Amino acid sequence: MMLTMKKISTFIILISCSIAVVAQDFDKNIASAKSSYNSGDLENTRFALQQALHELDIVIGKEILKELPTKLGTATYNEKDDNVTGGAGMATGLFVHRSYGEQGGSSIDVINNSPLINSINAILAIPFIGNSGDGTQKVVKIQGYKSVLNKNENETTGKTGYTLQIPLNNTLFTIEMEDTNENEIQSLANTIPLSKIAQIAQ
Amino acid sequence: MIKHLLIIGVAFTLGLVPASAQILNKIKQKASQKAENALEKKLGLGDDKNTNNPGDPGAPGNNPGNKTGGGLITTPPDVMQNIADAQSSYKSSKYGEARYAVQQAMLGVEMEIGNKILNSLPESISGLKKDASADQVTSTGFGWVGLTIQREYNDNDDKEFRIMVANNSMMMSAVNMYLSSGGYSQTTGGEQNWKQTKLKGHRAIIEYNEGSGYKLSVPLGQSSLIVFEGVNFASEPDMMKAAEAVDVDGIKATLGEQ
């Protein structure tokens, strides 16, 4: 118990330190954008703003990580695998990844401005596509958000896994779990503060 | 007497049958008319007397058409104001708001870059005058993804020269594929619809299409591209001469390309 507490506090300190570093970079880039703009150097203003946007994405991603559970079922999260990528508004957008379990087989991904959202929304809009006849895909509701639940059979291990994709405005929240059932993944998803994450990511 | 009664009866019956048929027809017609009217009313359509164009203001059952408004204000976002907003939002940990403000600032800067490039283009090219109403700068505020600048020149007849400057990596990859792929080799025989060329020392692709005319694509640096389109130009040298009137290096420098 003490060890876990220590781990959590180390993690919080690390995150706070990295945010402080990013904050410095953000301020530096904003200052650079201001001075470049005042001297009429539009291209450098644009570059500095782009860098600032990238840093903001990283800060937003880290804020999202704070809201993600440290355990998914019985699997504990892999601190070293926590990953935030800022796309600076490019087509890839913001990407947040957390893996769970020794093999890292279960994971949570948050993608902002993702092109995938369109295809998920299309599935949600057409019920006969959303619910497949073979029972591998169906539409469910998580905290009021329509979501797509997919069943994945692992042929090597013989275990059944599930992927739950929840579109939150322009953000796609995905939980992938191996060796689980649809009730477990849905009840775990219901414990995550989705609306708060959507608000942070927006 | 009986005979009279029979005659009257037969005459009455004969008279009644068509009369009742007429009444039935009338009822049928009335009913179908009523049904049609009800349906039209439901669908918001009128009969001939009430027929109105969908845009007619004040027409019963129709939405009013817009007659005034003046469009949207196209002033670019205030860069300094948005930078200040981004700073204050960031300080109060409203990161989403900060991001929005930075994007707006970027949008403002891109619009200014676009207008600067438009101003650097000549007033006329190959005897064609610029069409100021067609000048266009489009930006998504997403950095390198979506800045496009368009300018048109024409002689108010059928000759036209168009310039499009784009900061768009997807289009760039298509042109670079042309330039780097051996699959698109040049032929000497048959119909040659495209070939590699150079514009003021920059590698380029020139294409010709019977329907749309000449198209010259010039990649600039890492992520920019200029596309020149010439409609009803007499020959390839004519088209190249028109493109040479544009300060390609100046545009490249304004876009910060190496």
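Residues numbered from 1 in each chain as written. Chains lettered and ligands numbered in written order. Predicted model: local features only at pLDDT ≥ 70, side-chain atom pairs only at ≥ 80, totals over all residues.

Draft legend 1. Fine view of the overall build of chain B. In terms of helices and strands, chain B carries six helices and nine strands. Buried positions account for 24% of the 258 residues belonging to chain B. For chain B, the proportion of contacts with a sequence separation of at least 24, taken over those separated by at least 6, is 49%. (Helix = DSSP H or I, 4+ residues; strand = E, 2+ residues; numbered from the N terminus. Buried ≥ 20, exposed ≤ 12 C-beta atoms within 10 Å, placed from the backbone. Contact = placed C-beta atoms within 7 Å.)

Draft legend 2. Seen up close, the overall build of chain A. Within chain A, the regular secondary structure consists of six helices and nine strands. Burial statistics for chain A: of 202 residues in total, 37% are counted as buried. The long-range share in chain A, meaning contacts at least 24 apart out of those at least 6 apart in sequence, stands at 49%.

Draft legend 3. Region of interest: the confidence of the model for chain B. Residues and elements named next belong to chain B. Per-residue confidence for chain B gives a mean pLDDT of 77, with 63% of residues at or over 70. Highest mean pLDDT in chain B belongs to helix α5 (residues 236-244) (95); lowest belongs to helix α1 (residues 2-43) (54). In this model, residues 9-21 is a region of pLDDT below 50 whose contacts with residues beyond four sequence positions or in other chains number zero contacts. Considering only residues more than four positions removed or in separate chains, one finds that residues 47-52, a stretch of pLDDT under 50, has seven contacts. Scored as a whole, the predicted complex attains pTM 0.67, and scored at its interfaces, ipTM 0.73. (pLDDT = per-residue confidence, 0-100.)

Draft legend 4. Summary view of the interface of chain A and chain B. With 25 residues of chain A at the interface, the matching set in chain B holds 25 residues. If one sorts the elements of the side of chain A that touches chain B by residue count, helix α2 (residues 42-67) of chain A sits on top with 13 residues. Classifying every residue of the side of chain A that touches chain B by side-chain character gives 16 nonpolar, five polar and four charged. (Nonpolar A, V, L, I, M, F, W, Y, C, P; charged D, E, K, R; others polar.)

Draft legend 5. Up close: the environment of Asp179 of chain A. Residues and elements named next belong to chain A. Residue position: Asp179 is located in the loop between β9 (171-177) and α5 (182-189). According to the C-beta neighbour criterion, Asp179 is partly exposed, with 18 such atoms within 10 Å. Here the alpha-carbon distance between Asp179 and Gly161, two residues 18 residues apart in the chain, equals 5.0 Å. In this structure, Asp179 is in contact with Lys159 and Gly161, ignoring residues within four places of it in sequence.

Draft legend 6. Local environment of the pairing of β9 of chain A. All names here are of chain A. Extensive coverage of β9 is indicated by the burial of seven of its seven residues. Side chains Thr171, Phe173, Ile175 and Met177 of β9 all project onto a buried face; the interleaved residues Leu172, Thr174 and Glu176 project onto the opposite face, where all are buried too. Bridge count for strand β5 (residues 106-112) against β9 is six bridges, and the pairing is antiparallel. If you follow Val110 over to β9, its bridge partner there is Phe173. Sheet topology places strand β8 (residues 160-168) next to β9; seven bridges connect them, and they run antiparallel. (Pairing = 2+ DSSP bridges.)

Draft legend 7. View of the nonpolar core. The biggest cluster of nonpolar side chains holds 88 residues, and the ones touching the most others in it are Leu49, Ala52, Leu56 and Ile197 of chain A together with Val102 and Ala105 of chain B. For this core, the element with the most residues is helix α3 (residues 95-120) of chain B, which contributes 11 residues. Not counting the four nearest positions on each side in its chain, Ala105 of chain B is found in contact with Leu49 of chain A together with Pro77, Val79, Asn82, Ile83 and Ala86 of chain B. (Core = buried A, V, L, I, M, F, W, Y, C linked by C-beta atoms within 7 Å.)

Draft legend 8. Fine view of α5 of chain B. All names here are of chain B. Taken residue by residue, α5 has Met239, Met240, Ala242 and Ala243 as its buried positions. Buried positions in α5, seen along its axis, are confined to an arc of 160° and lie on one side of it. Contact partners of the buried residues in α5: β1 (124-125), β5 (160-167), β6 (194-199), β8 (213-220) and β9 (224-231). (Arc of directions from axis to C-beta.)

Draft legend 9. Structural detail: unusual backbone geometry. Positive phi, close to 50°, is recorded for Ser126 of chain B, a residue that is not glycine. Looking at the secondary structure, you find Ser126 of chain B in the loop between β1 and β2 (128-130).

Draft legend 10. Looking closely at the environment of Gly104 of chain A. Residue and element names in this part refer to chain A. By the element assignment, Gly104 lies in the loop between β4 (95-100) and β5. Through-space distance from the C-alpha of Gly104 to that of Met177 is 9.7 Å; in sequence the pair is 73 residues apart. Apart from the residues within four sequence positions on either side, Gly104 is in contact with Asn78, Asp81 and Ser99.

Draft legend 11. Quick peek at the sheet that holds β5 of chain A. Residues and elements named next belong to chain A. Across the sheet, which stays open at both edges, the seven strands sit in the order β3-β4-β5-β9-β8-β7-β6 with antiparallel pairing between neighbours. Where the open sheet ends on each side, the last strands, each with one partner, are β3 (83-85) and β6 (137-142). Ignoring strand direction, the axes of neighbouring strands in this sheet form an average angle of 15°. As defined by bridge partners, β4 adjoins β5 across six bridges and the pair is classed as antiparallel. Within β5, the residue paired with Ser99 across the bridge is Ser107. Against the sheet, α5 engages β6, β7 (145-153), β8 and β9, with an angle of about 35° to β8. (Axes fitted to C-alpha atoms, helices over the stretch in contact; angles between N-to-C directions.)

Draft legend 12. Summary view of the environment of Asn83 of chain A. Considering the arrangement of structural elements, one finds Asn83 of chain A in strand β3. When the 13 C-beta atoms within 10 Å are taken as the criterion, Asn83 of chain A is described as partly exposed.

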